[in-house]
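A look at the structure
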Amino acid sequence: MKNRILPVILLCLTTVGAFAQHVLKGRVTDQVTQAPIFGAQITLKSDRTKGTITNDAGEFTLQAPAGAVTLIVHSLGYKDAEVPVGNQTFLTISLEEDNAKGLDEIVVVGAVVKRENLTGAVSSINSARISQTPTNSINQALQGKVAGAYVVSNAQPGSDASIKIRGNNSIQFGTNPIFVVDGVIIDGGFNTLNPDDIASVDVLKDAASTAIYGSRGANGVVVVTTKKGKNGVGKVSYNAWFGVQQFSKRAATMGGKDLFNLRVDAYANAWQEKNPQGNRDQYIADSLVSDRSIAFGKYELDAYRAGKSYDWLDAVTRKGFQQNHTLNFSGGTEKGSYFVSFNYTDQKGLVQNSNYRRLSGRANIEQYIKPWLKIGTNTTFSNTKEKYVDGSVFSVAAGANPLLKIDTTGYYLKYADIQNQDAYNPLRSLWITGDNFSNRLLSSNYININPIKDLNIRSTVSFDITSQQTFWYTPMTTGQDKRNSNHGKASQKKTLYNNLQWDNTITYSKTFGDHYVSLLGGTSIQLNKYDYNQVDAFGFPNDDFGYKFLGGAYSKDKTTLSSDFVTTTLASFLGRADYNYKDKYFATATIRYDGSSKFGANNKWGAFPSLALAYDMTRETFWNVKAINRLKWRVGFGIAGNQNIPNYAFASLYRPNYTNNSVTYVSDGRLGNPFLHWERQKQLNVGVDLSLLDSRLTLTADYFNIDNDNLLMVRTLPTTTGFTNTVSNVGALNNKGIELTLGAALIRKKDFQWNANFMLSSDKNKITRLYGSTKAIYNKGGYTGVEIQRTGNLFLGESLNSVYSLKFDKIAQQSDMERIKNIDFAGRTVHPGDIIPVDKDGNGVINDDDRYVVGNLTPKFYGGFGTDLTYKGIGLNLFFNYSYGLKRLSGFYEGLMSSTGLSAAHQDLNRRWTPQNTDTNVPRALYGVPRYSYGDTDLGLQDASFLRLSTFTVSYTLPRQVSQSLRLDNTRFYMTGTNQLLFTKDKGYDPETGDGYPNAKMITLGLNVTF
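Residues numbered from 1 in each chain as written. Predicted model: local features only at pLDDT ≥ 70, side-chain atom pairs only at ≥ 80, totals over all residues. Heavy atoms only, no water.

Filter applied, for reference: UniProt positions are given in the numbering used here, feature names are shortened, and annotations may be inferred rather than shown by experiment.
Looking at an unreviewed UniProt entry, the chain carries the name TonB-linked outer membrane protein, SusC/RagA family, with the source organism given as Siphonobacter aquaeclarae. As stated in UniProt under Sequence similarities (unreviewed entry), the record for the chain gives "Belongs to the TonB-dependent receptor family."

Dropping the structure here:
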């Protein structure tokens, strides 16, 4: 019997030993502060389903099998750690802070997604790259740094740069992306946000990544994540910079002497048209340059003879000055964190009296109430004050007569003795008062519940409230007032934007062996309200009170009142499923069902699904290419919608009007279209992520193809309908392109690092269908209202941004006269020295049938490149942005080149055609005779390709021991130059910003201190 029992006992002991487990205990802390880390995830590397989290003291207990065991430790904001257990029973684990963690994880509607698990097209930059450009604008900080994002800066104080993602995907409506700031969707007012508060910016570009935002994300989504406090000792940071601005380029306009000679030449040529055998020199001496001149005023002759030339633009502009100060406090414990910041920015514009000032504050707070319950808020408040300048000041000064003395004597400027009532004296225009005051509260507040393991319930209430007041006063001493006989005009406009957003999501995430699944379901409700009221009052006893005393206006019959109240809503249901097998195969399926109040009752709802797949080949067991540590293929297809159309476009709107003791209802001109429905984009994206040599070389490449159907646009209606226009679903548009991002860590050493990066983007759109059999829709306007414009026309098979014009053939020579003598130039003179356009159809008549598509306002490709070098505490950063292959219309340059000396003229006219200078493309000067000008052909079309040194920064960081001796953690000094170099053939002010308000260059001195 004993012999039988013994083997049984031995077998039991062996079995127990085989399945024996031992208890592991440990503590997780911050590597620097040694503070405990709450909520860190501890899992077995061999079985990721088995794990636990740390408690308030950073401690954990875990059942582990006997033998060799390795733990994976993960905590948001820290680098993951692999810890071999060995024979230890108590582990002390220190985690290293990961300052780039914001680039590894992004938040999308209630879920945190690791970047390596993303299947869509996403580009990101962190706070370090944002801070390379001292600016008050988020968009400006993105310029050239994100593939697929085309950013155009704006130098006016308080103005924000514009941004487009992947070019044009709609004809008229909804061409800009939305911004999502800590979960709050905003459509504008980005200049009220402080770039110093931003931790990272993620640009979502394809339907797979934007589908969770439904119709709002049709043109891309810019996800802005602001900074959070971190576990450990509290920190205080101060960032300040001061900058001096000036225009990056001045137009090459003629001075007084050259303009005088141009006018003489233009008058003399016109006289010779009528008197071909006359004595030109005698005519000039007797009729043009003598005291009896028919071409010049006495003041002009005096200025010319005295050798004087006046610069009116210099009289209304100045050097700009900017300063920015940010003070923030941050910290946290195992149960919560805080980040509080205060900002003051001030910008004195380049045009006198133009200013922008912003005061803002932010509070980002998170707190665990219970281990399963967390609440938080991300709230910012801003107060801005802008001083506007009348819009005519810059343009009138830029086009002023250099022979006219600068003073405030006249209400209007003049050439010769002819006053131009459209050219208000810019010095007097500076007396116009324009003030704008704005308060904005932007807040996202959430409660997060984990009732059971792997289940996350989140409810977020957000609001964006902006109250804005705009005031203008035009005094009696200005040309604007004199022309309209207003005797003073005061305007007050008060506007309120009130946007409410409520998001609710439930997320279940679970790892089953090698399989990871995450399921998300949710709802979203958005309520957007806009209302305004405005009063315009006329006739004041004097200008003493400006806009502040409307009751003093005595022209009561001229007083105008206006107001409006608009409410729109969007309701959404959304779902998302993520699957991951061994970090090798990835799949994401998303659907969003949106209902918009902008459509009629039968077309309010639209469904927008997407599917994306990814495959990381380097995770395969057969992969043995050591030089390639990542090769991830991505493909995604989805449908996005667009509902950005005028409010109530589905209905015909009427307003009551009281006249002659009766009430009539007057249409606003738009015919309602109850059949309006969603514009739908079918988006395909194929991409690859490649990392070489231990991630020292990285490449991200994407190809996209977007087919947009049922395009929303305004159609002009014949007057016989009783309406002027209607909004319709018209035609289809294709947009496709490529994006490329390269990164290189060229040198990685303790004291010396050298990094480089390069971005390239290209997109091309084509109209594939218009309504019915229509092949062209012309944009008509001009003086008569029926002239075909050069832009805004829609042609089947052509780009949305085409330029439609006559094509320049040559400057006529005497030898051309026989060839062109029978051509009908529609009443225009074409003699030697004049422009000859191409007769496209060869029928001997120059008309609209001879127009060509002569260019495209979209660049062939654009992007940026830069480099960072750091040697010990010395840093150098250079960043260039570029654009190639786009054309630009410059009405400013065309106007200068069409001058006869009775308006401002470009120095290029010094190369004009004369009998002695026939080898030129610049036509002769000719006064009062109709002929083809620069604006009639493509001769004035600008090559707007450019290369710009966007920023260069030289910095010095004090050695750590020196900073610590000053009781500081970090001290950095820097100098930055912005827009210091520009290489372009463009003849206007700037190939990017155009001619309305030139770009600016700035030198900045800055300081960063942390303690």
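1. Comments concerning the overall build of the chain
Defined as follows: Here a strand is any run of E in DSSP of at least two residues, a helix any run of H or I of at least four, and the numbering for each starts at the N terminus. Radius of gyration here uses only the C-alpha atoms, and the compact-globule reference equals 2.2 Å multiplied by the residue count raised to the power 0.38. Three exposure classes are used, based on accessible area relative to the maximum for each residue type with a 1.4 Å probe and protein chains only: buried under 20%, partly exposed in between, and exposed over 50%. Residue contacts are defined here by distance: any two heavy atoms, one from each residue, within 4.5 Å place the two residues in contact. To be clear on the numbers: accessible area is Shrake-Rupley with a 1.4 Å probe, and residue cover counts the displayed protein chains and nothing else. In this tally Asp and Glu are treated as negative and Lys and Arg as positive; neither His nor the chain ends contributes. Here the site of a charge means NZ on Lys, CZ on Arg, CG on Asp, or CD on Glu.
Within the chain one finds 15 helices and 55 strands. Taken over the C-alpha trace, the chain has a radius of gyration of 34 Å; the compact-globule value for 1011 residues is 30 Å, and the two agree within 12%. C-alpha atoms of the chain, sized along the principal axes, occupy 145 × 70 × 65 Å. Expressed as a percentage of the 1011 residues in the chain, the buried residues total 50%. Residue pairs in contact within the chain that sit at least 24 positions apart in sequence constitute 68% of those at least 6 positions apart. As displayed, the chain has an accessible area near 46200 Å², and 56% of this comes from carbon and sulfur atoms. Here the chain carries 107 positive and 88 negative side-chain charges, and the mean point of each set is 5 Å from the other.

2. Brief notes about the pattern of salt bridges
The following threshold applies: By definition here, a salt bridge exists when the distance from a side-chain nitrogen of Lys or Arg to a carboxyl oxygen of Asp or Glu is within 4 Å.
One pass over the structure, following the stated rule, counts 37 salt bridges. Residue Arg 924 is joined to Asp 834 by a salt bridge in which the shortest nitrogen-to-oxygen separation is 2.9 Å. In this pair, Arg 924 is assigned in the loop between helix H14 (891-897) and strand E52 (942-943) and Asp 834 in the loop between helix H13 (817-820) and strand E47 (835-837), connecting sequence segments 90 residues apart. Each member of the pair Arg 924 and Asp 834 is classed as buried. For Asp 995, the salt bridge identified is with Arg 888, shortest N-O distance 3.2 Å.

3. Observations regarding helix H6 (residues 256-274)
The condition is simple: To estimate how far a helix should reach, multiply one less than its number of residues by 1.5 Å.
A rise of 1.5 Å per residue sets the reference length of H6, with its 19 residues, at 27 Å; its end C-alpha atoms lie 28 Å apart and thus fit the reference within 8%. Listing the buried residues of H6 in full gives Gly 256, Leu 259, Phe 260, Leu 262, Arg 263, Val 264, Asp 265, Ala 266, Tyr 267, Ala 268, Asn 269 and Ala 270. Contact partners of the buried residues in H6: helix H7 (280-288), helix H8 (298-305) and strand E22 (412-415).

4. Things to note about the pairing of strand E19 (residues 336-348)
The criterion, for reference: At least two bridges found by DSSP between two strands is the condition for calling them paired.
In terms of strand pairing, strand E18 (residues 320-333) meets E19 through 13 bridges, oriented antiparallel. The residue of E19 that forms the bridge with Phe 329 is Val 340. The turn linking E18 back onto E19 is made up of two residues. Direction of pairing for E19 relative to strand E20 (residues 355-370): antiparallel, over a ladder of 13 bridges. Its bridge partner lying in E20, Tyr 338 is registered against Ile 365. In sequence, E19 turns back onto E20 through a hairpin of six residues, with Asn 353 there showing a positive phi of about 80°.

5. Focus: the packing of aromatic side chains
Cut-off, in case you're wondering: Classification of ring pairs uses Phe, Tyr and Trp, with its six-membered ring standing for Trp, and accepts pairs whose centres are within 6.5 Å; under 30 degrees between planes counts as stacked, over 60 as edge-to-face, and the remaining range as tilted.
Applying the stated criterion across every chain yields a total of 34 aromatic pairs. Ring geometry for Phe 260 against Phe 296: centres 4.1 Å apart, planes inclined by 20°, an arrangement best described as stacked. Residue Phe 260 is located in helix H6, and its partner Phe 296 is located in the loop between H7 and H8; the two are separated by 36 residues in the primary sequence. We note that Phe 260, like Phe 296, is buried. Aromatic side chains Tyr 497 and Tyr 530 sit 5.1 Å apart centroid to centroid with 35° between the ring planes, which places their arrangement in the tilted category.

6. Details of the UniProt feature "domain: TonB-dependent receptor-like beta-barrel" (unreviewed entry) in the chain
What UniProt calls "domain: TonB-dependent receptor-like beta-barrel" (unreviewed entry) maps, in this numbering, to residues 409-871. The straight-line gap between the two end C-alpha atoms of residues 409-871 is 60 Å; of that span, 3% is helix and 60% is strand.

7. Regarding the sheet that holds strand E15 (residues 198-204)
Under the convention used in this document: Axes here mean lines fitted to C-alpha atoms, for a helix over just the part in contact, with angles spanning 0 to 180 degrees between N-to-C directions.
Strand order in this open sheet of five strands is E10-E15-E16-E13-E14, and the pairing throughout is mixed. In this open sheet, the two edge strands, each paired with only one partner strand, are strand E10 (122-126) and strand E14 (184-186). Shown here is a sheet whose adjacent strand axes are inclined to one another by a mean of 20°, direction ignored. Note that E10 and E15 share five bridges and pair antiparallel. Its bridge partner being in E15, Val 122 is matched across the sheet by Leu 204.

8. Comments concerning a nonpolar patch on the surface
Selection rule: Distance thresholds for patches are 9 Å for like charges and 5 Å for nonpolar side chains (Val, Leu, Ile, Met, Phe, Trp, Tyr), applied to residues having over 30% relative accessible area and no salt bridge.
Residues Leu 611, Leu 613, Val 635, Phe 637, Leu 684, Val 686, Tyr 703 and Ile 738 make up a contiguous nonpolar surface patch of about 630 Å² in total accessible area. Looking at the nonpolar patch, the elements that each hand over two or more residues are strand E30 (605-616), strand E31 (628-642) and strand E35 (679-692). Of note, Tyr 703 is situated in strand E36 (residues 697-709).

9. With respect to the packing of H6 against H8
Heads up, the rule is: Any angle from 65 to 115 degrees is called roughly perpendicular, while one under 35 is roughly parallel, one over 145 is roughly antiparallel, and all others are oblique. Here a crossing is taken to be left-handed if its near helix is turned anticlockwise relative to the far helix by less than a right angle, and right-handed if that turn runs clockwise.
Interaxial distance between H6 and H8 falls to 9 Å at its minimum, and their mutual angle equals 125°. One element, H6, and the other, H8, form an angle in the oblique class. Our pair here, H6 against H8, has a crossing hand that is left-handed. Contacts between H6 and H8 pair Lys 257, Phe 260, Asn 261 and Arg 263 from the former with Glu 300, Leu 301 and Tyr 304 from the latter.

10. Observations concerning the sheet that holds strand E34 (residues 670-671)
Taken in spatial order, the three strands line up as E34-E38-E37 in an open sheet, and their pairing is mixed. Sheet topology places E34 and strand E37 (712-716) at the edges, where each strand pairs with a single neighbour. Bridge count for E34 against strand E38 (residues 725-729) is two bridges, and the pairing is parallel. In the strand pairing of E38, Leu 671 is matched with Thr 726.

11. Overview of the confidence of the model for the chain
What counts here: pLDDT runs from 0 to 100 and stands for how confident the predictor is about each residue.
Looking at the chain as a whole, its pLDDT mean stands at 86, while 92% of the residues score no less than 70. Helix H1 (residues 2-18) is the least confidently modelled element of the chain, averaging 42 in pLDDT, while helix H11 (residues 426-429) averages 96, the highest of any element.

12. Comments concerning the side chain of Glu 894
Checked against the element boundaries, Glu 894 lands in helix H14. According to the relative accessible area criterion, Glu 894 is buried, its value standing at 6%. If we skip the residues at most four places from it in the chain, Glu 894 touches Arg 790, Leu 889, Tyr 934, Gly 935 and Gly 940.

13. As for a positive patch on the surface
On the surface, Lys 736, Lys 764, Lys 766 and Lys 860 cluster together into a positively charged patch. Secondary-structure assignment places Lys 736 in strand E39 (residues 732-748). For Lys 736, a relative accessible area of 40% translates into the label partly exposed.

14. Quick look at unusual backbone geometry
The backbone of Ser 485 shows a phi angle near 50°, a positive value even though the residue is not glycine. Along the polypeptide, Ser 485 turns up in the loop between helix H12 (479-484) and strand E26 (489-512). Residue Lys 582 is not a glycine yet carries a positive backbone phi of 55°. You can see Lys 582 is positioned in the loop between strand E28 (560-581) and strand E29 (585-596).

15. A short note on H8
Among all positions in H8, only Tyr 299, Glu 300, Leu 301 and Ala 303 are buried. Downstream of H8 by one or two residues, Gly 307 has phi in the positive range, about 70°.

16. Brief notes about the environment of Leu 500
Residue position: Leu 500 is located in strand E26. Sequence-wise, Leu 500 and Phe 173 are 327 residues apart; in three dimensions their C-alpha atoms are separated by 23 Å. Discounting residues that sit within four places of it in the chain, Leu 500 has contacts with Val 461, Ser 462, Phe 463, Ile 525, Gln 526 and Leu 527.

17. Topic: the pairing of E20
Pairing of E20 with strand E21 (residues 373-388) involves 15 bridges; the strand directions are antiparallel. Considered in E21, the bridge of Ile 365 is made with Thr 377. The loop that links E20 with its antiparallel partner E21 comprises two residues.

18. As for the packing of H6 against H7
Rules: Only Asp, Glu, Lys and Arg are considered charged, only Ala, Val, Leu, Ile, Met, Phe, Trp, Tyr, Cys and Pro nonpolar, and every remaining residue, Gly among them, polar.
Contact geometry for H6 and H7: axes closest at 10 Å, N-to-C directions at 120°. Between H6 and H7, the crossing angle belongs to the class labelled oblique. Read as a crossing pair, H6 and H7 show a hand that is right-handed. Counting all contacts with H6, which are made through Val 264, Asp 265, Tyr 267, Ala 268, Asn 269, Trp 271 and Gln 272, the residues of H7 involved are Arg 280, Tyr 283, Ile 284 and Leu 288. Looking at the contact of H6 with H7, its residues break down into seven nonpolar, two polar and two charged.

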